[in-house]
Amino acid sequence: MPTAIEIRQNGGPEVLQVAEVDVGSPGPRQVLVDVAAAGVNYIDTYQRSGAYPVPLPYVPGLEGAGTVSAVGSDVTEVAVGDRVAWQGSPGGYAQQALVPADIVVRVPDGVSDETAAATLLQGITAHYLVNSTHPVAEGETVLVHAAAGGVGLLLVQLAKARGGRVIGTVSTAEKEELARAAGADEVIRYTEEDFAAAARSLTGGEGVAVVYDGVGKATYEGSLTSLRRRGLLALFGAASGPVPPIDPQRLNVGGSLFLTRPNSYDHVTTRAELDWRAGELFDAIAKGTLTIRIGGRYPLAEARRAHEDLQGRRTTGKLLLLP
C-alpha cells in the first residue's frame, strides 16, 4: 500500500505522521499520479495548525508533480505515462495522489519533475501578483518582502521581466546575495534598518507603487508606510501571523491607499487561465529566463523536519518532499 503523510489532529509539525493510505482508483474526471516530488508551502502549515480548517484526517500537500498511472472516465487532458504537475488539490505528501483532471497541466520537455513540483503554487502566486493584482509597469518601483524566499525569488524575477525596479527585504547577508542574484536592484536587511524608511529613501521620499507582502503581521504596518500615494498593499500570505483588522481610515491618511488580500484559487478560475499562467512559467524556465531555486529536498518521512525548517526561516527557495 502506498505511503503518505497523514494528519489526524491539528497542531505543530509533530502531527505529521507516516501512514499507509489507499488512495483508490481514479473516478470520473480524476487522474492517479505516481508522485515524484511534492512542494512544501506555508499554506500547508496553516492547514496543519488549524488556522485554515481542513476536515480530519487528511493527507497534506497542495502541489506536486509526477507521472500519470491511471485515468478516470471523461479525462481528455492527459493520458497514462504523461508527466504532469498540479497545485490546489490536497494529497501531495504521498507516493500516489488522486488529482482532479481540471487542475493538472502537462510538464514540457526541458522541465524536470522536481522543478515542476517547485513551480506551480508559488509560481502562479507570483504570476498573478505581477500580472493581475498589480501589473508592474516599466520603470515602476516595487517592494518585495522575503525576497530570498520561494515566492520572493520568483516575484523579483517576474517583476524585473516586466521592467520594474525591485527593492527586496531580507534578513541576512546570504539572503541578500540570493535576492541580488535574482535581479533585485536594491536590498534592505530589515534586521538592521527600518525597511519603510529605507524604501522611502530609495524612492526619493515618494514611496513604492506596490508592496508584495507574504509576511503579514510583522510587516503590514511598515508596508503601508512604504507606499506612494494611491499605492497598493498586496497581502498574499501571513508567514509571521495573521494581520489584525485594519481601519479604513489608515488607508485614507496614508495617501488614498489600496489594500487587497488575493489568493491563487481566484486567479485560475478557468482552464484557459491556468494554462496561460502555467504555460508562461514553464516557457520561461525552459528558456532559462526564470530560475527555480530548490532550497531543500527531504525524504517523505521527514516532512516534520521540512515544516520545522520552513517555519524557522532556516531555508531559502523551495522545499520539496521526495516520496
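Refer to the structure presented above.
Attention here is on the structure that accompanies the text. Within each chain, residues carry numbers counting from 1 in the order of the written sequence. Reporting in this predicted model follows two pLDDT cut-offs: at least 70 for local features of residues, and 80 or more for side-chain atom pairs to be given and counted; totals over whole chains, interfaces and linings ignore these cut-offs and use all residues. Only hydrogens and water are set aside; all other atoms, that is, all heavy atoms of the structure, feed into the side-chain values.

A look at the side chain of Arg277
Defined as follows: The helix count covers DSSP runs of H or I at least four residues long, the strand count covers runs of E at least two residues long, and both are numbered beginning at the N terminus. Distance and chemistry together define a polar contact, namely a pair of N or O atoms within 3.5 Å, with one atom able to donate a hydrogen and the other to accept it when in protein, and with adjacent residues in sequence counting only for side-chain atoms on both sides.
Relative to the helices and strands, Arg277 resides in helix α9 (residues 271-287). Among the polar contacts listed, one links the side chain of Arg277 to the backbone oxygen of His267, at a separation of 2.8 Å.

Considering the nonpolar core
Cut-off, in case you're wondering: What is meant by a nonpolar core is a set of buried Ala, Val, Leu, Ile, Met, Phe, Trp, Tyr and Cys residues, joined one to another through side-chain atoms within 4.5 Å. Burial here depends on accessible area, computed with a 1.4 Å probe over protein chains only, as a share of the maximum for the residue type. Under 20% is buried, over 50% is exposed, and the range in between is partly exposed. Throughout, a residue-residue contact means that at least one pair of heavy atoms, one from each residue, lies within 4.5 Å.
Within the largest apolar cluster, 50 residues are counted, with the highest numbers of intra-cluster contacts made by Ala85, Val142, Val144, Leu155, Tyr212, Phe282 and Leu290. Per-element tally for this core: the top contributor is helix α4 (residues 150-161), with seven residues. Discounting residues that sit within four places of it in the chain, Leu290 has contacts with Leu154, Gln157, Leu158, Leu281, Ala284 and Ile285. Grouped together as the second largest cluster of nonpolar side chains are 32 residues, Ile7, Val40, Val84 and Ala101 included.

Some points on the packing of aromatic side chains
The following threshold applies: Stacked, edge-to-face and tilted are the three classes for Phe, Tyr and Trp ring pairs, Trp counted by its six-membered ring, which pair at centre distances within 6.5 Å; planes under 30 degrees apart are stacked, over 60 edge-to-face, the rest tilted.
Following the criterion strictly, the structure yields two aromatic pairs and no others. Among the aromatic residues, ring-to-ring pairing joins Tyr42, Tyr46 and Tyr52 into one connected group.

Quick notes on the environment of Ala51
As for its position among the elements, Ala51 is in the loop between α1 (42-49) and β4 (63-71). Residue Ala51 is classed as exposed on the basis of its relative accessible area of 54%. Each C-alpha atom, one on Ala51 and one on Pro242, is 9.3 Å from the other, the two residues being 191 residues apart in sequence.

Observations regarding the packing of α1 against helix α10 (residues 303-311)
Which entries qualify depends on this criterion: All axes here are fitted lines through C-alpha atoms, helices being fitted over the stretch that makes contact, and every angle between N-to-C directions spans 0 to 180 degrees. In this scheme, roughly parallel covers angles under 35 degrees and roughly antiparallel covers those over 145, while 65 to 115 is roughly perpendicular and the rest are oblique.
Running from amino to carboxyl end, α1 crosses α10 at an angle of 110°, the nearest separation of the two axes being 10 Å. Classified by the angle their axes make, α1 and α10 are roughly perpendicular. When α1 is examined against α10, the residues Tyr42, Asp44, Thr45 and Arg48 are found in contact with a partner set consisting of His307, Leu310 and Gln311.

Points about the sheet that holds strand β13 (residues 258-260)
Which entries qualify depends on this criterion: Here a strand pair is declared whenever DSSP counts at least two bridges between the two strands.
The strand order across the open sheet built from six strands is β10-β9-β8-β11-β12-β13, with neighbouring strands paired in parallel fashion. Each edge of the open sheet carries a strand with a single partner, namely β10 (186-189) and β13. Strand-to-strand, the axes of this sheet are offset by a mean angle of 15°, without reference to chain direction. One ladder, built from three bridges, connects strand β8 (residues 141-144) with strand β11 (residues 208-213); its direction is parallel.

Description of the pairing of β10
Here is the rule: Here a crossover is taken to be right-handed if, once the strands point away from the viewer, the path from the first strand over the helix to the second is traced clockwise.
Summarising the sheet, strand β9 (residues 165-170) and β10 pair through four bridges and their orientation is parallel. Counterpart to Val170 in the pairing with β10 is Arg189. A crossover links β9 with its parallel partner β10, the connecting element being helix α5 (residues 173-182), and its sense is right-handed.

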